[in-house]
Structures are given as C-alpha cells and as structure tokens.
Amino acid sequence: MFASVITTIRDASIRKKLILLIITISTSILLFASLLQLVYGIYYSKNALANELTITANVLGDQSIAALEFFDQESASGTLASLKQNNSLRVACIYDANGEIFATYLHADHKQTETCPAHPDHLDHAGHADQSNHSDHLSGHNISVLQHISRGETHIGMIYLESDLKRVEQFIMQYLVYAVFLIVFIVGIAWFLSARLQYMISAPLFHLVETAQQFSKKQDYSVRAVKESEDELGTLVDAFNEMLSKIQYRDTELNRLNEELEQKVELRTAELRTINTDLTDSLEKLKQTQDYLVQSEKMAALGGLVAGVAHEINTPVGVGMLAASHLKKHVDEYHERYEQGVLTRSDFEAFLNTTLESTQLLLSNLKRAADLIHSFKQVAVDQSSGEQRYFSLRQYLEEVVQSLRPKLKHDHHQVVIDCPDKLYIQSYPGLLSQVISNLVINSSLHAFEKGNPGTIQITASYTDGKVQLRYTDNGKGMTPENLKQIFDPFFTTKRAEGGSGLGMHVVYNIVIKNLGGTIHCDSKPGEGVVFDITFPAEDHPVQHNS
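Residues numbered from 1 in each chain as written. Predicted model: local features only at pLDDT ≥ 70, side-chain atom pairs only at ≥ 80, totals over all residues. Heavy atoms only, no water.

**Quick word on the packing of aromatic side chains**
Okay, step 1: As enumerated under the stated definition, the model contains eight aromatic pairs in all.
Okay, step 2: When the ring of F391 is compared with that of Y396, the centres are 5.3 Å apart and the planes differ by 55°; the resulting orientation is tilted. For the pair F391 and Y396, a shared accessibility class is recorded, and that class is buried.
Okay, step 3: A connected cluster of aromatic rings, assembled from ring pairs, spans Y471, F487, Y508 and F531. (Phe/Tyr/Trp six-rings, centres within 6.5 Å; stacked < 30°, edge-to-face > 60°. Buried < 20%, exposed > 50% of the residue type's maximum accessible area, 1.4 Å probe, protein only.)

Structure (structure tokens):
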C-alpha cells in the first residue's frame, strides 16, 4: 500500500508535486504548532485549576479555624456547603489535628461514589505542620489539593479538596474544534496560493517539455524554448536551447558527411565490383591452372611409372635377347658341324644342354617382363579410366606396389602389405592406385634419407561397409608446422629438388571428393608418419565363396 502511494506520487506531474509539497509542509508545521499549543494549554489549565483549588482551600481553611478550635462541626459543614456553587468540585473534607474527619462536603452528583480519604497525605503526627506546606495531586480524571490549617505555629487541622477535570476536557474539545477548523482553513489557503504560485515554476517546465516533445516527434531542430526568467529554470532553458543548436549543427554535418560517404561508398563499390570481377577471373584461371597442374602431376606420376617400368623391363628383355643370341650362335655352330658330318654324340649332348639352359633363361626373363607389363597395364588402365569395378584389394595393392618397385629398389625400401586374401570390394581401383602411389612416392622422397632403407606398411580391413586403410612409414616424421599444411596445394619441403607440392593435395581430393571418405595424418619428428584413410565400398560375393 505504501509503495503504491509512493509510486503514484513519484509519477505525478510537477504541478501536483509542488502543490502537494506546499500543502504537506504547511499542514505539518500547523499540526506541530497546534500540538505544542494544545500541550501547553492542557498544562496551563491544570495548573490554573490547581491554583484555584489551593486558593479556595486557603480561604476555607481560614474560615474553619474557629470551628476547629471550638469543635464546631456544624459551622465547619456550613463553611464547606458554600462550595455547592462550584460544579466541578466533587469532594471537600476538613480534618482535625489528629487527622480525623471533622466535616465533609460531597457534590450531589457524586454522593454515591465519592468519600473523603481516611488518612490524608502529609499529615504531621506530632500535630504540627509547616503553614506553607500543601500539595496537589493529579490522578486519572481528578485533581486534588491538601492544605494545612494552622494558627500561628500550631497545626490544628487539614482541608482536602478534590475536583474533576471537566474544565480541562472542555478546553481540549474546544481547542480541537478550533484547530481542525484552523487547519482546514489554512490548508485551503495553502492550496489556493500554491495552485497560483506553482505556475511560476511549472509553466516554464511545461513549455520546456512541450518543446522537447515537439523536437522528439517531428525531429525539428529549429524549435527553441522561451526563456521567461533569469533563475535556475532560465539557465536550464538556455542550456536546452544550446543543446538543440549543437544537435542541429551536428545533424547538418552528419547529413553532409552521409552524402559524402554515400558518394565514396558508390565509388568504392564500383571499384570493388571491378576488382571482384578481376579476382573472379583470376580465381577461375587459378582453378584451371590448378586442375591442369593436378592433371599434369597425375600424368607425371604415370610417366614416371612408365619410365620405371620400362627400365625394369629392359633388364629381363635384355637378358632374354642375350640368351636368344647365345642360343642362335650355338644352333648355327652345331648346324654347320651337322652339315659337315663332324657332329659327335658329345657335341650333340653339349648342344642340348646349352639349348635347355638358354630356353629356361629366356622363359624366366620373358615371364618376369610379362608380369611387369601386366601389373603396369592394369594400374595404368585403372588410372586413366577411373571406372568402378570389383577387384581383390590385396592383389591390387600388390600390383600397385609391384609397379613402384623401380622407385623403391634403389634404396632398398621395403613395402609390407597386411590385407585379407579374400577381401573383394567394388570401388575405383584407379583412384586407389593414385592414392597409394602418391603416398609411397611421398615417403621415398621426404621420409627416408638417401642410402638408408626404410619400411612402409599398408594395412587394410573392411568393417560396416567401409574400407579402413592405414599407411605408415618409419621415416623422419614431420614438424607440427609442416603437418598443418601437408594437404595444402603447392606446399612442399623439396621444391629445390623438383617437388611440386601437389602430391598430397591430389591424395586429399581423391579421398574426400572422389571416394567420399576421410583422411587423417599424424606425425611427430623422428617417429614416422601415419595416414588413416576410410572410404565406403561394397564387398563382393567372391570373398564368401572363395
């Protein structure tokens, strides 16, 4: 409740707040003054009543001296009977020197409820009392006075008077009525004056608020508040008008800057559009160049494969030609002996042995060349066609490695294949051969120092419709900086030795884009390299029937 009242006052207008403030202050001061006057009036009225009772007691005491000395109770009662004109006096008692009741007076309205005290206070049991000794006592709704009666220094009795406080209560009621009337009158005057005088403060504020609202709604910076005085409100109006002037100036400058900025933005946009067009063309050319380089890298790898295989085939073919030439020489020699008729049995046996050795040597070398040509043919066809087919994964990996033997035998690198014999899958063998070839060539170029044989292991398995390939070597590994860039195009640490930096980028694109798989590389300096490759593939029923 109190919080809601505070909120209502807080949200009221300044005009109402000023009126409420003036009325509150006026009413508070008037109530405080009235309360002080009431307290003082009550105090004064009670003291006046006590003094009046004291004077009355003194007069009655003097009049009762003779009656006390001559024990004339009737005369003393007559003296007290004169108090019946005082309507507020309720009890009057005269005591003798021994403190015994000598005469009494009870108001007619209180005879049934009031009596004289049996032993009044301040009685001197020795029969003497100070003539100035008297007391008054206020209790509840009554006030009492006890006065000594003396002749000279001799204490002869006491008189006790008790009166009600109706006069004081009447004074309080009259004062309250007067105070309420006065407060209402003063509050009315305060309201009337505050309603008139607050205009001097609220009017400039209202005008300032109207100006601010007009400025806020219409965004009209040319409006100004009217200054009506030189007081603090006038200073506020000046400050407000100065603020509007600054805002108007800044708004003008802002509009000008916005126009200039729009022009600059349009000009810059046109420039950026031109640059963007050039960049798009350059990017397209770069992509074409990159595709060309990637294709060139593939063809270079295939060309290197052809050169290696051709070199490898030269050896068995050369041996076969030598064996054939040797055999022809012996055939011509023994044919001449035969025609001359000098051919002996031992010569014929030597001819047969030479012929057998030469044919065996010729057949073995021709078979070796045929195997090389078959492996190269299959790998080359797969790389060039890029078609999907069923194949034995282990056999194909061996064919790929066989085609790479010329590049590995110089440094005596060893390739170990760990793959189930019965694993047949449907996939893209040409793409797979490019991945394996690039990985092996990358190891031979970067992982192993020249003259130091290394070991490469290829592990393959098939689980849940996916082929898992793990390629590892025990080479010198890579630094974290090089590992982060291993799949980036044109990144190589052997550029001075002819490296293009596209081999691993080709591997990444084949695995991610063509095979739809994932590839992850892990390596530390001195700990070799590990490639984890996963790609989807279908298994073939042949593996179950084998």
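**Focus on helix α4 (residues 73-81)**
Note: α-helices contain 3.6 residues per turn, so residues at a spacing of three or four share the same orientation.
Okay, step 1: Every buried residue of α4 is listed here: A76, T79 and L80. In an axial view of α4, the angular spread of the buried residues amounts to 95°, which keeps them on one side of the axis. (Helix = DSSP H or I, 4+ residues; strand = E, 2+ residues; numbered from the N terminus. Arc of directions from axis to C-beta.)

**What about unusual backbone geometry?**
Okay, step 1: Phi at F71 takes a positive value of approximately 55°, unusual for a residue other than glycine.
Okay, step 2: Residues other than glycine seldom take positive phi values, yet D464 does so here, at roughly 55°.
Okay, step 3: Along the polypeptide, D464 turns up in the loop between β9 (455-463) and β10 (466-473).

**Some words on the pairing of strand β1 (residues 89-96)**
Okay, step 1: With respect to burial, β1 is a largely interior element, eight of its eight residues being buried.
Okay, step 2: Taken together, the seven bridges between β1 and strand β5 (residues 154-164) define a ladder with antiparallel strand orientation. Bridge assignment links C93 to a residue of β5, and that residue is Y160.
Okay, step 3: Examined bridge by bridge, β1 and strand β2 (residues 101-106) share five bridges and lie antiparallel to one another. The partner of A92 across the bridge, within β2, is Y105.
Okay, step 4: If you look at the hairpin formed by β1 and β2, you'll find four residues sitting between the two strands, and G99 has a positive phi there, around 85°. (Pairing = 2+ DSSP bridges.)

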